[in-house]
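Structural overview for review
Each chain, written out:
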Amino acid sequence: MIEVSSLALPHIAKLHAYTPGLQPTGSGWVKLNTNECPYPPSPRVAEALRREIGEDGASLRLYPNPPGAPLRAVVARLHGHGLREENVCIGNGSDDILNLLVRAFCTREASAGFTRPSYSLYPVLVGIQDGGTDVIAFDRTMRLPVEQMAASGARAFFLTSPNAPTGVGFSNAELERVLASFRGLLVVDEAYAPFANENAVPLLARHPNVVVVRTLSKAYALAGLRVGYALAHSDVIGLLDRVRDSYNVNRLSQVAAIAALGDPTYYDGVIDRVKATRDRCAREFAGPRGWFTYPSAANFIFTEPKNARGESGPEVARSAYDFLFARQVLVRHFPSHALTAPFLRISVGTDREMQILNATLDAWLKTPNA
Ligand SMILES: *Cc1c(COP(=O)(O)O)cnc(C)c1O
């Protein structure tokens, strides 16, 4: 018998896959674990999908527009700042874009930089490439380690901003201080930028080594369709297009994304509601409950639960997580890092969902072993 796994590249045989948040199949869950939008997408999305499918789905015989050119043009126009179609690459989710960036820029010698904690997909993508890493640790303040980043020799540095799972946003002034010395590619992963006060798009015109990565999964309520994009200098986009699968974004996702981006009024309303719910809940956690909570510039809250005796820590967070889970309230716990283990990350849901969350946490506080 051939031992087929021994045929794999050694670094692939040792690889640990990314752990996505649980996607439960049954009904009845209050799902606050993967930062999806609690509201549906713009009604224009379903209309556009119906139009594309038509009576008999005949258009599905045909391959999609290979670069997603019409969508690139819409994205460029949406962001302004002199951006043009050649400054945009569309991905099958922003994870696809992050993957292309690692493929194009990182090897063992040309390391990939990232902070810890941040989006845990980066080390997995670098592992597939058997690449080197340059990891910069946050301390409990979660303030950006500007000097260390500026001194990093990474070929590409992946910065999640606002950060995940903390929700802490970083300013363009801080990024400019990094860019004053950093000579690699600074990839600003802005999955949560629509919920923040500032974003890095204005830096693109002055800094050819900045890449801004966005997704339609969070603010645009299209996680199920997988659309993300990169904004960058046309030379960077050209490199990504050499690595990219020719048909990486399907027809339906392209038309849905164009419809969504064409309805900013609808999404302004969605984002305002999510931010209002976030700010009210964060005040309740920090105020009446007295739980340490980072200021969030995203659509989730990172909070440190305290039990009835006022204790916090990894076991307390785990106890709250388990109690919620048993009652079909799903949040996220990251036990593998000392700075995240005492916390829970709670996606901002509807007001009703947050009421259920709060009532369940009150019940947890009343249990003897909380
Ligand atoms: C959700 C998320 C992504 C992935 O977005 P997709 O477009 O769904 O692939 C990327 N980066 C960060 C920081 C995220 O939180």
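Just so you know, these numbers come straight off a predicted model, no measurement behind them.

Cut-offs and rules
Residues numbered from 1 in each chain as written. Predicted model: local features only at pLDDT ≥ 70, side-chain atom pairs only at ≥ 80, totals over all residues. Heavy atoms only, no water. Helix = DSSP H or I, 4+ residues; strand = E, 2+ residues; numbered from the N terminus. Rg over C-alpha atoms; globule rule 2.2 N^0.38 Å. Buried < 20%, exposed > 50% of the residue type's maximum accessible area, 1.4 Å probe, protein only. Contact = heavy atoms within 4.5 Å. Areas by Shrake-Rupley, 256 points an atom, 1.4 Å probe, with all protein chains shown as cover. Salt bridge = Lys/Arg side-chain N within 4 Å of Asp/Glu carboxyl O. Near = heavy atom within 4 Å. Polar contact = N/O pair within 3.5 Å; in protein donor to acceptor, adjacent residues only side chain to side chain. Domains from an automatic or database assignment. Buried area = accessible area lost by both parts, 1.4 Å probe. Nonpolar A, V, L, I, M, F, W, Y, C, P; charged D, E, K, R; others polar. Axes fitted to C-alpha atoms, helices over the stretch in contact; angles between N-to-C directions. Parallel < 35°, antiparallel > 145°, perpendicular 65-115°, else oblique. Left-handed = near helix turned anticlockwise from the far one by under 90°. Arc of directions from axis to C-beta.

Bringing the overall build of the chain into the picture now. The secondary structure content of the chain amounts to twelve helices and twelve strands. Over its C-alpha trace the chain gives a radius of gyration of 21 Å, about what one expects of a compact globule, namely 21 Å for 370 residues. C-alpha extents for the chain along the principal axes are approximately 60 × 60 × 55 Å. The burial tally for the chain puts 52% of its 370 residues in the buried class. For the chain, the share of sequence-separated contacts (at least 6 apart) that also reach a separation of at least 24 residues comes to 73%. Accessible area of the chain: about 16,800 Å², with a carbon and sulfur share of 53%.

What follows is about the pattern of salt bridges. Under the definition given, this model contains 18 salt bridges. Where Arg206 meets Glu176, a salt bridge forms, and the shortest distance between an N and an O atom there is 2.6 Å. Of this pair, Arg206 sits in the loop between strand E6 (185–189) and strand E7 (210–215) while Glu176 sits in helix H7 (residues 172–179), placing them 30 residues apart in sequence. Between Arg280 and Asp351 there is a salt bridge, with the nearest N and O atoms lying 2.7 Å from each other. Separated by 71 residues along the polypeptide, Arg280 in helix H10 (residues 264–286) and Asp351 in helix H12 (residues 351–366) bring together distant segments of the chain. What makes Arg280 partly exposed here is its relative accessible area of 31%. The network of salt bridges with shared partners includes Arg72, Asp241 and Arg244.

What follows deals with the site of the ligand. Every residue near the ligand is listed here: Gly93, Ser94, Asp95, Tyr119, Thr160, Asp189, Ala191, Tyr192, Thr215, Ser217, Lys218 and Arg226. In the environment of the ligand, an oxygen atom lies 2.5 Å from a nitrogen or oxygen atom belonging to the side chain of Tyr192. Notes on the ligand: free accessible area 390 Å², of which the protein chains cover 93%.

Among all positions of helix H5 (residues 121–128), only Leu121, Tyr122, Val124, Leu125 and Val126 are buried. Buried-residue contacts for H5 involve helix H4 (94–105), strand E3 (112–116), strand E4 (133–137), strand E5 (156–160) and E6. Downstream of H5 by one or two residues, Asp130 has phi in the positive range, about 55°.

Parsing the chain into structural domains produces domain 1 (7–41 + 265–365) and domain 2 (43–263). The centre of domain 1, based on its C-alpha atoms, is set 24 Å off from the matching centre of domain 2. A buried area of about 2,900 Å², summed over both sides, lies between domain 1 and domain 2, and 66% of it is on carbon and sulfur atoms. The largest share of the area that domain 1 buries against domain 2 comes from Tyr18, Tyr267 and Tyr294, three residues that together contribute 22% of it. For the pair domain 1 and domain 2, the interface holds one salt bridge. Joining domain 1 to domain 2, the criterion identifies eleven residue pairs in polar contact (both at pLDDT 80 or more). A total of eight residues in the side of domain 1 that touches domain 2 trace back to one element, the largest contributor, which is H10. In terms of residue class, the side of domain 1 that touches domain 2 is built from 23 nonpolar, nine polar and five charged.

For the pair helix H11 (residues 314–326) and H12, interaxial distance at closest approach is 10 Å and the crossing angle is 120°. In terms of orientation, H11 and H12 fall into the oblique class. Crossing handedness for the pair H11 and H12: right-handed. Side by side, H11 and H12 meet where Val316, Ser319, Ala320, Phe323 and Leu324 of the first sit next to Leu357, Thr360, Leu361, Ala363 and Trp364 of the second. Per-class residue counts for the contact of H11 with H12 are eight nonpolar, two polar and no charged.

Before going further, it helps to examine the side chain of Asn358. Mapped onto the secondary structure, Asn358 falls in helix H12. Classification of Asn358 as buried rests on a relative accessible area of 13%. When near neighbours in sequence (up to four residues on either side) are disregarded, Asn358 contacts Glu284, Phe285 and Arg289.

This paragraph deals with unusual backbone geometry. Here the residue pair Ser161 and Pro162 is connected by a cis peptide bond, since its omega of -10° sits within 30 degrees of zero. Within the secondary structure, Pro162 is located in the loop between E5 and H7. Residue Ala164 is joined to Pro165 through a cis peptide bond whose omega torsion reads 5°. Among the structural elements, Pro165 can be located in the loop between E5 and H7. Positive phi is not limited to glycine here, since His81 has a value of about 50°. Note that His81 resides in the loop between helix H3 (69–79) and strand E2 (88–91). Judged by relative accessible area, His81 falls into the exposed class, the value being 52%.

Quick reminder: α-helices carry 3.6 residues per turn. Residues three or four places apart thus point the same way. Every buried residue belonging to H7 is among Asn172, Glu174, Leu175, Val178 and Leu179, and all of these are buried. Looking straight down H7, one finds that the buried residues subtend no more than 155° of arc, so they occupy a single side. Turning to H7, the residues buried within the fold contact helix H6 (146–150), E5, E6 and E7.

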